[in-house]
Amino acid sequence: MSKHSPASSTGPKRVRAHHLRAMKERGEKIVALTAYDAVTSALLDAAGVDLLLVGDSIGNTMHGHDTTLPVTVEDMIPAARGVARAADRAFVVVDLPFGSYESGPEQALATAVRFMKETGAHGVKLEGGERVVEQVRAISQAGIPVVGHLGYTPQSEHALGGPRVQGRDDAEQLLADARAIADAGAIAVVLEMVPVPLAQRVTEALAVPTIGIGAGPGCDGQILVWTDMAGMGDWAPRFVKQYARLGEALREAAQTYAGEVRDGSFPAAEHGFDK
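Just so you know, these numbers come straight off a predicted model, no measurement behind them.

## A look at the UniProt feature "binding site: 3-methyl-2-oxobutanoate" (unreviewed entry) in the protein
The UniProt entry lists Asp-56, Ser-57, Asp-95 and Lys-125 under the feature "binding site: 3-methyl-2-oxobutanoate" (unreviewed entry), expressed in the numbering used here. Spanning 70 residues, the annotated positions come together in the fold, the maximum distance between their C-alpha atoms being 12.4 Å. Among the annotated residues just listed, those lining the largest cavity are Lys-125. Tracing the backbone shows Asp-56 in the loop between β2 (51–54) and α3 (58–61). A relative accessible area of 4% means that Asp-56 is categorised as buried. Not counting the four nearest positions on each side in its chain, Asp-56 is found in contact with Thr-68, Val-71, Met-76, Asp-95, Pro-97, Glu-127 and Gln-155. Excluding its chain neighbours within four sequence positions, the residues that come into contact with Lys-125 are Leu-53, Val-93, Val-94, Asp-95, Leu-96, Val-147, Gly-148, His-149 and Val-190. Of note is the side chain of Lys-125, whose polar atom sits 2.7 Å from the side chain of Asp-95.

Next comes the structure, spelled out in structure tokens:
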């Protein structure tokens, strides 16, 4: 699919924050995926994805880490730059990595401003509820769209005891967190690994969209890590549906290539130059 396929021409020429809210009001689902490079960004953008998240999940998917915690601002900037440059239509959001916003609103705003100036992204995302209200407010008041992230928050995985469903015992707190960051200016809230009924409650309580990942169909949109969605690995979380087996296809292609190089059938005459 080309970057300028029919799928990319439906709806607004560029998805912006107010379009996401309008989609919620119309009952139109928001489609979101992660992306970490220009090649993937162009493909997903052409497919009609509304929001591309340059997630700190790059640490797990691309850098080989066990968690997102080692990811730095310097890791995120070139990835976000590539994604933003390649996306003609999608709203591009960049994760603030662990350690780049926790100390307070000044640090959070400085990181967000750097991302906006150096990457061309359209907004940022950070994890947490009431504890990051001042960070959300400072970034929003500076004119930078902010997406919140509640439920299972990977940057706090050691405190949470690993990737576990959140909100079973503290539903009211999660709801209060969602309201707090929305009131502070968040344009949307990601809900990860939240019980379906609670995600529905949060969605109904907020004027801004919710985007679910392992939070059921009641959210205003859905997001998945693209490598999970496309079957790049042998394992994916329970809440993932794999829409392709790209990992198997890539492995088979590489095996065929290796075999042809070794037996001399590649490159053939048509792959060279006479002069």
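Following the structure, the description resumes.
## Quick word on the UniProt feature "binding site: Mg(2+)" (unreviewed entry) in the protein
Summarizing the sequence annotation, UniProt attributes the feature "binding site: Mg(2+)" (unreviewed entry) to Asp-56, Asp-95 and Glu-127 in the numbering used throughout. These residues run over 72 residues, yet every pair of their C-alpha atoms falls within 11.1 Å of each other. Cross-referencing the annotated residues with the lining of the largest pocket gives Asp-56, Asp-95 and Glu-127. Inspection of the secondary structure assignment puts Asp-95 in strand β3 (residues 91–95). The buried category is assigned to Asp-95, whose relative accessible area is 3%. What Asp-95 contacts, discounting residues up to four positions off in sequence, is Leu-53, Val-54, Gly-55, Asp-56, Met-76, Phe-115 and Lys-125.

## With respect to the domain arrangement of the protein
Under the domain assignment, the protein is made up of domain 1 (17–244) and domain 2 (246–275). The C-alpha-based centres of domain 1 and domain 2 are spaced at 39 Å. Each partner contributes to the roughly 320 Å² buried at the junction of domain 1 and domain 2, and carbon and sulfur atoms together form 63% of this total. Applying the counting criterion to the domain 1 and domain 2 interface returns zero salt bridges. Here domain 1 is connected to domain 2 by three residue pairs in polar contact (both at pLDDT 80 or more). When grouped by side-chain class, the residues that make up the side of domain 1 that touches domain 2 number four nonpolar, one polar and one charged.

## Digging into the environment of Glu-204
With respect to the helices and strands, Glu-204 occurs in helix α9 (residues 196–205). When its relative accessible area of 60% is taken as the criterion, Glu-204 is described as exposed. C-alpha of Glu-204 to C-alpha of Asp-220: the two residues are 16 residues apart in sequence and 9.5 Å apart in space.

## Side note on the pattern of salt bridges
If you walk through the whole model with that rule in mind, you get eight salt bridges. Between Asp-220 and Lys-24 there is a salt bridge, with the nearest N and O atoms lying 2.6 Å from each other. Placement of the pair is Asp-220 in the loop between β7 (210–213) and β8 (221–224) and Lys-24 in helix α1 (residues 17–26), with a sequence separation of 196 residues. The pair Asp-220 / Lys-24 is uniform in exposure class, with both members buried.

About the cut-offs
Residues numbered from 1 in each chain as written. Predicted model: local features only at pLDDT ≥ 70, side-chain atom pairs only at ≥ 80, totals over all residues. Heavy atoms only, no water. UniProt positions renumbered as here; feature names shortened; annotations may be inferred. 1 Å grid on protein atoms, 1.4 Å probe; cavity = no way out; pocket = protein on both sides within 12 Å on 5 of 7 lines; lining within 4 Å. Helix = DSSP H or I, 4+ residues; strand = E, 2+ residues; numbered from the N terminus. Buried < 20%, exposed > 50% of the residue type's maximum accessible area, 1.4 Å probe, protein only. Contact = heavy atoms within 4.5 Å. Polar contact = N/O pair within 3.5 Å; in protein donor to acceptor, adjacent residues only side chain to side chain. Domains from an automatic or database assignment. Buried area = accessible area lost by both parts, 1.4 Å probe. Salt bridge = Lys/Arg side-chain N within 4 Å of Asp/Glu carboxyl O. Nonpolar A, V, L, I, M, F, W, Y, C, P; charged D, E, K, R; others polar.

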